[in-house]
Every structure is written in C-alpha cells, then in structure tokens.
Amino acid sequence: MSADLLHPAFNDQVLDSQRVFRAALKALAEPGLTQQLIPIQALEPLAPASYALCLSLLDGDTRLWLAPAFDTPTVRANLAFHCGCPIVDERESADFALLGVQELVDLSGFFTGSERFPDQSCTLLVQLDALGDGAALSWSGPGILGQREVSLPVPAAFWQQRAARNDFPRGLDLFFAADQSLIGLPRSTRIAVSIEEVA
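The rules behind these values
- Residues numbered from 1 in each chain as written.
- Predicted model: local features only at pLDDT ≥ 70, side-chain atom pairs only at ≥ 80, totals over all residues.
- Heavy atoms only, no water.
- Buried < 20%, exposed > 50% of the residue type's maximum accessible area, 1.4 Å probe, protein only.
- Helix = DSSP H or I, 4+ residues; strand = E, 2+ residues; numbered from the N terminus.
- Arc of directions from axis to C-beta.
- Axes fitted to C-alpha atoms, helices over the stretch in contact; angles between N-to-C directions.
- Parallel < 35°, antiparallel > 145°, perpendicular 65-115°, else oblique.
- Contact = heavy atoms within 4.5 Å.
- Nonpolar A, V, L, I, M, F, W, Y, C, P; charged D, E, K, R; others polar.
- Pairing = 2+ DSSP bridges.

Chemist: Hey, could you run me through helix 4 (residues 156-164) in this one?
Modeler: An α-helical turn contains 3.6 residues, so any two residues separated by three or four positions project in the same direction. If you check which residues of helix 4 are buried, you get F158, W159, Q161 and R162. The buried side chains of helix 4 occupy one side of the element, clustering within an arc of 160° when seen end-on. Turned more than 90 degrees away from the buried face of helix 4, the exposed residues are A163 and A164.

Have a look at this one:
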C-alpha cells in the first residue's frame with residue numbers, strides 16, 4: 001500500500017468514533033431527523049459524513065460492498081488501513097454497502113436478514129448531494145410522534161425497491177449522508193405516500 005494514498009482519519013479515534021456511532025444510533029432512533037456529525041476531512045469521492053460513518057461502523061469483521069464510483073485506490077487503501085474491513089465483490093455477502101444515488105434504483109442482492117436473525121441484514125450507507133429538495137413524503141413509525149415530512153432527493157424507484165425488500169422484521173436499514181450530516185431510515189419506518197404520487 002502506498003503511503004501517498006493515506007489520509008487522516010479521526011483526531012481522536014476512540015472518542016470521535018463513539019460520537020459518530022451515537023449520532024448514527026440517534027439517526028435510526030429518530031428517523032428523518034438530520035443529525036450533525038463532527039467535522040472530518042473528506043476522502044474524495046466520499047463526503048465527510050460518509051467517511052465518518054465508515055470509520056465508526058466498519059471493522060475487520062464487517063464486509064463492505066462498494067458502488068463503482070467509490071471503488072477507488074484511495075478509498076480502498078484508507079478503509080483497509082483505518083478500518084481493516086474486507087471489501088467484497090458480491091452484494092449478497094456484504095454486511096454494509098456504500099452506495100450513490102444511482103444504485104438506489106436496484107437494491108437486489110443485498111441481504112435482508114433471516115427470520116431467525118433479521119438483525120444480520122445489510123446496512124446501506126447512501127451518499128447524496130443534499131438531504132433535502134426531494135419529493136416530500138410522510139414518514140411514520142417508531143421514533144416518530146405522529147408523522148414527519150422528509151424530502152430526500154432520491155428516485156421514486158427507490159421507494160418501490162425498499163418496499164419490495166421490507167418484510168418486517170426482515171429488511172434494510174439505511175443511512176443517508178451528505179456533507180457532514182446524516183438521516184436514518186430503519187426498516188420499521190412506514191412511508192405513507194403512494195408510489196404513484198411520488199412519481
């Protein structure tokens with residue numbers, strides 16, 4: 001591995017990783033609410049929030065699938081050095097997946113857990129340009145009092161893909177990251193607006 005490819009990670013590996021992990025847990029506990037992460041240097045083409053999530057959530061026991069846009073020598077070198085996570089070629093064997101908006105139209109292959117171990121499903125880390133300016137949808141479910149309007153800029157096909165792979169307790173948990181912020185979408189969250197209205 002070339003040292004030229006390596007970039008800084010957290011200033012304080014233990015404390016900063018814990019801060020990001022707590023923010024990630026809060027994002028899933030309060031779906032649709034934007035959580036701010038600690039400032040961290042971007043690792044092109046990863047946004048600061050995407051890189052911070054990787055540094056906090058990935059380790060030697062978590063298999064990662066990379067979308068083609070993120071599968072660069074720099075990303076591979078830094079994740080190997082700072083996280084030690086194995087990078088897999090097959091979606092089916094991934095514990096985490098790092099996606100861009102273009103991958104959201106096809107979520108096939110990602111493991112949604114088993115009836116006995118639904119928690120062993122793949123977690124999707126989705127990098128967006130922003131966390132707003134999309135079609136306003138009404139979210140409801142655990143962690144949401146009544147309903148919450150969220151406007152993620154994702155294709156309408158994504159909601160169809162998610163619905164097709166959500167058979168609670170099985171399903172996919174997602175983090176949406178942009179700049180230094182994230183929003184969580186656990187499998188337990190219900191999206192109220194019909195797909196026809198989204199399109």
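Now that the structure has been shown, we can carry on.
Chemist: For this particular structure, what's the right way to read the packing of helix 1 (residues 13-29) against helix 2 (residues 48-57)?
Modeler: Helix-helix packing: each pair is described by the crossing angle between the helix axes and the interaxial distance. Running from N to C, helix 1 and helix 2 point in directions that differ by 105°, and their axes come no closer than 9 Å. By the angle class used here, helix 1 and helix 2 are roughly perpendicular. Between helix 1, through Q13, S17, V20, F21 and A24, and helix 2, the contact on the second element is made entirely by A52, L53, L55, S56 and L57. Class assignment for the residues of the contact of helix 1 with helix 2 results in 7 nonpolar, 3 polar and no charged.

Chemist: Mind showing me how you'd approach the pairing of strand 8 (residues 173-178) here?
Modeler: On a regular strand, one side chain projects to one face of the sheet and the next to the other, so that they alternate. With 6 of 6 residues buried, strand 8 is to be regarded as a mostly interior element. Alternating positions in strand 8 separate into two faces, D173, F175 and A177 on one and L174, F176 and A178 on the other, with burial throughout. Pairing analysis gives 5 bridges linking strand 5 (residues 123-127) to strand 8, with the strands arranged parallel. Across the sheet, residue Q127 finds its bridge partner in strand 8, namely A177. As judged from the 5 bridges shared by strand 8 and strand 9 (residues 181-185), these two strands associate in the antiparallel manner. Residue pairing for strand 9: A177 is matched across the bridge by L182. Here strand 8 hands over to strand 9 after 2 residues, with D179 in that stretch at a positive phi of 55°.

Chemist: What should I look at first to understand the sheet that holds strand 10 (residues 190-191) in this one?
Modeler: Within a sheet, adjacent strands bond to each other through the backbone by hydrogen bonds, running parallel or antiparallel. With antiparallel pairing, the 3 strands of this open sheet are ordered in space as 7-6-10. Two strands bound the open sheet, and with one partner strand each, they are strand 7 (148-150) and strand 10.

Chemist: Whenever I open this one, unusual backbone geometry confuses me. Can you help?
Modeler: Peptide bonds are, in most cases, trans, and in most cases residues other than glycine have a negative phi. Put simply, E44 and P45 share a cis peptide bond, and its omega is 5°. With respect to the element layout, P45 can be found in the loop between strand 1 (35-36) and helix 2. At the junction of F168 and P169, the peptide bond is cis and its omega measures out at 10° in the coordinates. Tracing the chain through its elements places P169 in the loop between helix 4 and strand 8. Not every positive phi belongs to a glycine, and D133 is a case in point at roughly 75°. Position of D133 among the secondary structure elements: in the loop between strand 5 and strand 6 (137-140). At D179, a position not held by glycine, the phi torsion is positive, near 55°. Assignment of secondary structure puts D179 in the loop between strand 8 and strand 9. A relative accessible area of 54% places D179 in the exposed class.

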